[in-house]
Amino acid sequence: MAELTLVEAVRSALSKALEEDPAVVVLGEDVGIDGGVFRATDGLWQHFGSGRVLDTPLSEAGIAGISVGLAAQGMKPVAEIQFQGFIHATLDQMANHAARLRNRTRGRLTCPMVLRAPYGGGVHAPEHHSESIEAIFAHIPGLRVVIPSSPQRAYGLLLSAIRDPDPVVFFEPKRIYRAFKEDVALDGEALPLDKAFVLREGQDVSVISWGAVTRDCLEAAEVMAGEGVDAEVLDVATLKPYDAATLMASVRKTGRCVIVHEAPRTAGFGAEIAARVAEEALDGLVAPVRRVTPPDIIPPLPRQEQLYLPSKDDVCTAIREVMAWQ
Amino acid sequence: MAELTLVEAVRSALSKALEEDPAVVVLGEDVGIDGGVFRATDGLWQHFGSGRVLDTPLSEAGIAGISVGLAAQGMKPVAEIQFQGFIHATLDQMANHAARLRNRTRGRLTCPMVLRAPYGGGVHAPEHHSESIEAIFAHIPGLRVVIPSSPQRAYGLLLSAIRDPDPVVFFEPKRIYRAFKEDVALDGEALPLDKAFVLREGQDVSVISWGAVTRDCLEAAEVMAGEGVDAEVLDVATLKPYDAATLMASVRKTGRCVIVHEAPRTAGFGAEIAARVAEEALDGLVAPVRRVTPPDIIPPLPRQEQLYLPSKDDVCTAIREVMAWQ
Amino acid sequence: MPLLGRELIGMSDDRMQAAVDAAEFRIPFKRYLSADGTLADAAPGFASDRSELVRLYEGMLRTRAFDTEAIALQRTGRLGTYASSLGQEAVAIGVAAAMRPEDVLVPSFREHGAQIWRGVRMEELFLYWGGDERGSDFSGPREDFPVCVPVGTQYCHGVGVGLAFSLRHEDRCSVVVGGDGSTSRGDFHEAMNMAGVWKVPAVFVVNNNQWAISVPRAAQTAAQTLAQKAIGAGIPGEQVDGCDVIAVRDAVERALDRGRRGEGATLIECLTYRLSDHTTSDDATRYREDAEVSSHWPEEPTVRLRTLLTEAHGWSRDEEEALRKEINGAVKAASDAYLQIDPQPATAIVDYTYAELPTDLKAVRDQLAER
Amino acid sequence: MPLLGRELIGMSDDRMQAAVDAAEFRIPFKRYLSADGTLADAAPGFASDRSELVRLYEGMLRTRAFDTEAIALQRTGRLGTYASSLGQEAVAIGVAAAMRPEDVLVPSFREHGAQIWRGVRMEELFLYWGGDERGSDFSGPREDFPVCVPVGTQYCHGVGVGLAFSLRHEDRCSVVVGGDGSTSRGDFHEAMNMAGVWKVPAVFVVNNNQWAISVPRAAQTAAQTLAQKAIGAGIPGEQVDGCDVIAVRDAVERALDRGRRGEGATLIECLTYRLSDHTTSDDATRYREDAEVSSHWPEEPTVRLRTLLTEAHGWSRDEEEALRKEINGAVKAASDAYLQIDPQPATAIVDYTYAELPTDLKAVRDQLAER
Ligand SMILES: Cc1ncc(C[n+]2csc(CCOP(=O)(O)OP(=O)(O)O)c2C)c(N)n1
Ligand SMILES: Cc1ncc(C[n+]2csc(CCOP(=O)(O)OP(=O)(O)O)c2C)c(N)n1
Ligand SMILES: [Mg+2]
Ligand SMILES: [Mg+2]
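Residues numbered from 1 in each chain as written. Chains lettered and ligands numbered in written order. Predicted model: local features only at pLDDT ≥ 70, side-chain atom pairs only at ≥ 80, totals over all residues. Heavy atoms only, no water.

Within an unreviewed UniProt entry, the label attached to chain A reads Alpha-ketoacid dehydrogenase subunit beta, and the organism entered is Roseibium aggregatum. Under the UniProt heading Cofactor (unreviewed entry), the note attached to chain A is "thiamine diphosphate". (UniProt positions renumbered as here; feature names shortened; annotations may be inferred.)

Quick look at the structure:
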């Protein structure tokens, strides 16, 4: 048991995986001696050596592509893309190869790789450093998309991702890399890749999110508790495939659904959950679904970033709105 | 006025655009002497010369990237990606540059480019030739995403796309490239980039789709008419930004909504429309929304492709299901 | 040895001068068997071994017969779009003959010859091109990659495979094959560069058949050779006559030796000519002259090897006929076997998406199972 | 002239031999001003012109002063993450001085010096690095690209810009700058290759400062020089001492001349050294030795030019002081002006997404306007 930040939990999971499975290799830009620009791989190169932790050239497409080759050979590459804003170049390899190697070869070759990247805004980062494009990956059959929202879940989910026999895209909310600490059992216990987490039970409204904004949702729930509203807060955590059963059960129970994410609204992953509500949980729904998201705009540079990100207040407002329906 | 197939209408629009605006250049793999592998640019190189119609090296990322440079200089590049399955490599340029050059420079530089690609299945094509990933592009702020479903709309919408001052991604449903002919007025009249088309008016259920499957929806509507069901069929046509007003008005009128698309279900663009229904058109909705889509799987190779694609019968089944609710 | 940039910048000032050469490079070209069937003295040892030559000849003829049958099947609606390797058989066979079974082939979509040589059954290849995924679940070289359609993406796979070998200290190499067009893709360069940095045991073979669909070699790149694209990655590049199976095999063997010795990757450009259309969907008369095609027939690889066999090794008309008969029989048998293969169950469209099916897909599968 | 592959394959058989060279290349290296301030005889004309040298010197000092102020602003919480060009000022200034106003600069994120030389105001640059989009709506070179953060993506833009010039028969060139790390990206190669095919008037300048964050040049590529990466694209590549502003300017001028003459693109590798951290977010002591950094200080570009000015042109202490005073005053004034700039209205986050706002965004805008 250790008190860890989210980024420390990521590092602990990587370390555990390197230890337990000789097929695991960590690779990416600056993941070696520098320990990654967010220090997620700090000390791993020193401990495990350059045969297990590889600094790559500045080649995102290549990093994904060689990971496919490594994985087809039974290695378990865990590749880091330095920021999600630079992950687009991997999409060709991820969609056209990683996601379908098993299917194309009827299981003869498989692709047990993990592609990690910090994502999201709120850290006053330069241009192209605040993107949130999880929905794009969640649309690709054959991939898993996982987003932890606490140190414990980061540790357990990353271990599962690495142990999983299929390709997993793992997005780490950088705004909460160091925002808080949590006791993490470093016992190598993995968390399931097909379960949403109920972070707070409640009867009146289901607040569904993932990543850094789950924290704002929890805070909003506390505020709303003061106003007599009992919100249930859910962390989707594994967006692809996602645990619709748990989410829909909650919405059926509360009759109200607020979905919160950091990505632009249109065709974001919130749409998928709302669609599922419209298909499966209409019965008993007492209010329209509300999505709390940025509008369809480019993430602004730091000075106006706060106008873009959904805030605790935005979540409260949405909850109040859906509570107004009876 | 001429009787044209969809691919001929595309060619006519390209020809018209090359004629009317010297800034227009057509570029891509095999678009020159060969006229494109689907013949969408047939004869253009011969007529307009190699200063207007450029065969490029086999470099999708580069095609998108140089189009950004051309467009920033006030040219109007109309680039072809030979199949949508190979468009992933353009995403970095499209999302990180094309979509945001205007925003990044507060309008100093702009990006009036069009990226065309045939998309979708149903033509017994080889591996990687049947994808349908419009939702990925529709999630990117700053882009327009346009998909015609008839020769007339292909002509009018492509002209608008080329004349538009912002980047437009234009996906051509290859299954209906030559499936039927339509009278097209070759008068250079453009169609709006923010309007959904009501292809068939009806009172009982709104059937919403785009691309090749609109044809199956229309046929399904005819079948259902025989069963006494009056279906309204809508073609979204411009997915980003999309005309939610027209779609929601229809759903509010009919109280039932069936969404049909060729892309895998999860986080497909159908989710966005269903989400909007859950937000804005719940009132008066008498049945759960239904999405008729393939499951979350890789498009199968030709022998099993028909198991993947939504069919007229699938649409009928969905309509019958929502009609069962009163 | 070229000077390194870093050494230069620290170069003492008395040696300072306005212009020196930072580096020099040469791209060798090799051919052992000329178009008229003459063998050069410098040819490698196996080129004098009759049985080796017959093996190579047989491989090329089998490839051609396979292509012929595939096109016949396509023309009669029993196969999908197909890419023939007519005129380029020496690349596939030279590559495959140089490799060891435990090496891994990462092909593009025009190396049926290499796949067959390595043990992929012809009916499996027909099955793939016939639109059935089981064709990529082939027997024989179980670790080889399937056909790669997205041009150029395969190079990185080869680097990953080779990197796995070197990380595990295995005495194996990967061999990637691509076309002239594929050298314009960024991933080709990223792959070579990474292979250079890590000295990955990988061999990159470019089948420069002078065309990428309608785009001729000269419109694909201004580089005088494609082999010189290795220079930017700091790995050796070499050009061979790709219609000379001896030169191809020799070059790939030497490159594999380098890889196994821990000296890293190599790029080999094979100069060939695409005698056929790009695929069965293509009509090459739209963009190239028949005369150009005819002018390349005299260079094609099978005739020149047969001339050598005949003139230097007494290859007889009877032997030729017997061989062709055997091959045609085998191809026909494979074709018949292919046409007999039962369809996949409907559930197969779902079954291989993940190792374990997620809930939603399980439900889909159950529905499909009921059909 | 190297032989072309196509010529080779048609080579008559009597010339056939086991091995010839298909092509040969050399990468020249140029330096005119040595680290001790000595000028080579072969130096270009402008290198004897006092006022030209002073202009270059001034540009480099201004760049350094700008960097210093930017870091001070960052350290005091008034600027975002910032990438200094310490030690690499000769690249920015050499490039900018060689360009004409009507040429277009496509920078990466370390060429403030070039941007300022070309007329971008320092307060605009502070504004950009301070997290405000208006900093990229700069005055002066209105057609220049803004800073490019996604490494390597800018090369293709430069090719598009140059292609526009040549399609319109304009007598202009684009100049793209990137780092050593950027040469590993596929788009760098795709860009050079296309520029080669179409003889695009573009100049690619690589500031090889030996590091890409923590990755040293030797781990970035096995190529002996980065200039040789031009060879694969069939364009000339050249290496210069990037701490010699005369060599940089001369090389870029010659490349621009080539471009204007219709001879196409050129790659220029400038050997420099990153004397600072990667950015203000980086701590380079984690991965490189102080001793390495110190060993490069004697090569830095300003001192050697000052030595030349002093020894050959009687540059005085007074002149030096006056210049520094002027520069520091201008930088301070820009910094003050930057800190006075009013924030953008909330609606600005929406306003530039499209030329005309779609319905949904109009509604968002209206809400923001009410704040
Ligand atoms: C990334 C990508 N872009 C485009 C295509 C369509 N396409 C298939 S083959 C081909 C030409 C390939 O040329 P080359 O690499 O020379 O190989 P060859 O066909 O001559 O063997 C093209 C453009 C593709 N399959 N993949
Ligand atoms: C495509 C991409 N990948 C990663 C990054 C993160 N990053 C920013 S600068 C940098 C290193 C760049 O090195 P180099 O090209 O040598 O330029 P330098 O910083 O030395 O000027 C990296 C990895 C990025 N901005 N873009
Ligand atoms: Mg070719
Ligand atoms: Mg650098």
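Before going further, it helps to examine the overall build of chain C. Helix and strand content of chain C: 14 helices and eight strands. The C-alpha radius of gyration computed for chain C amounts to 22 Å, which stays within 12% of the reference 21 Å derived for 371 residues, consistent with globular compactness. Considered along the principal axes of its C-alpha atoms, chain C spans approximately 85 × 60 × 45 Å. Here the contacts in chain C between residues at least 6 apart in sequence split such that 71% fall between residues at least 24 apart. (Helix = DSSP H or I, 4+ residues; strand = E, 2+ residues; numbered from the N terminus. Rg over C-alpha atoms; globule rule 2.2 N^0.38 Å. Contact = heavy atoms within 4.5 Å.)

A few words on the sheet that holds strand β6 (residues 144-146) of chain B. Residue and element names in this part refer to chain B. Strand order in the open sheet formed by seven strands is β3-β2-β4-β5-β7-β6-β12, and the pairing between neighbours is mixed. Since the sheet does not close on itself, it has two edges, and those belong to β3 (53-55) and β12 (238-240), each with one partner. The sheet shows a mean angle of 20° between the axes of neighbouring strands, direction not considered. Here strand β5 (residues 114-119) pairs with strand β7 (residues 168-173) via six bridges, running parallel. In the strand pairing of β7, A117 is matched with F171. Along the sheet, helix α3 (residues 60-72) makes contact with β2 (24-28) and β4 (76-80), crossing β4 at roughly 170°. (Pairing = 2+ DSSP bridges. Axes fitted to C-alpha atoms, helices over the stretch in contact; angles between N-to-C directions.)

Residue and element names in this part refer to chain D. In the first shell of the magnesium ion (ligand 4), the protein supplies D180 (OD), N209 (OD1) and W211 (O), at 2.0 to 2.1 Å from the metal. As a motif over one chain, the donors of the magnesium ion (ligand 4) read D-x28-N-x1-W. Using a relative accessible area of 4% as the deciding quantity, one classes N209 as buried. (Donors = N, O, S within 2.8 Å, 3.2 Å for Na, K, Ca; no water. Buried < 20%, exposed > 50% of the residue type's maximum accessible area, 1.4 Å probe, protein only.)

Residues in close proximity to ligand 1 total 20 residues, the closest being B:E60, C:R110, C:D180, C:G181 and C:W211. In this structure, a nitrogen atom belonging to ligand 1 sits 2.9 Å away from a main-chain N or O atom of C:V149. A distance of 2.6 Å separates an oxygen atom of ligand 1 from a polar atom in the side chain of C:D180. In isolation ligand 1 has 580 Å² of accessible area, and contact with the protein removes 96% of it. For the shell around ligand 1, a count of residues per class yields nine nonpolar, six polar and five charged. (Near = heavy atom within 4 Å. Polar contact = N/O pair within 3.5 Å; in protein donor to acceptor, adjacent residues only side chain to side chain. Areas by Shrake-Rupley, 256 points an atom, 1.4 Å probe, with all protein chains shown as cover. Nonpolar A, V, L, I, M, F, W, Y, C, P; charged D, E, K, R; others polar.)

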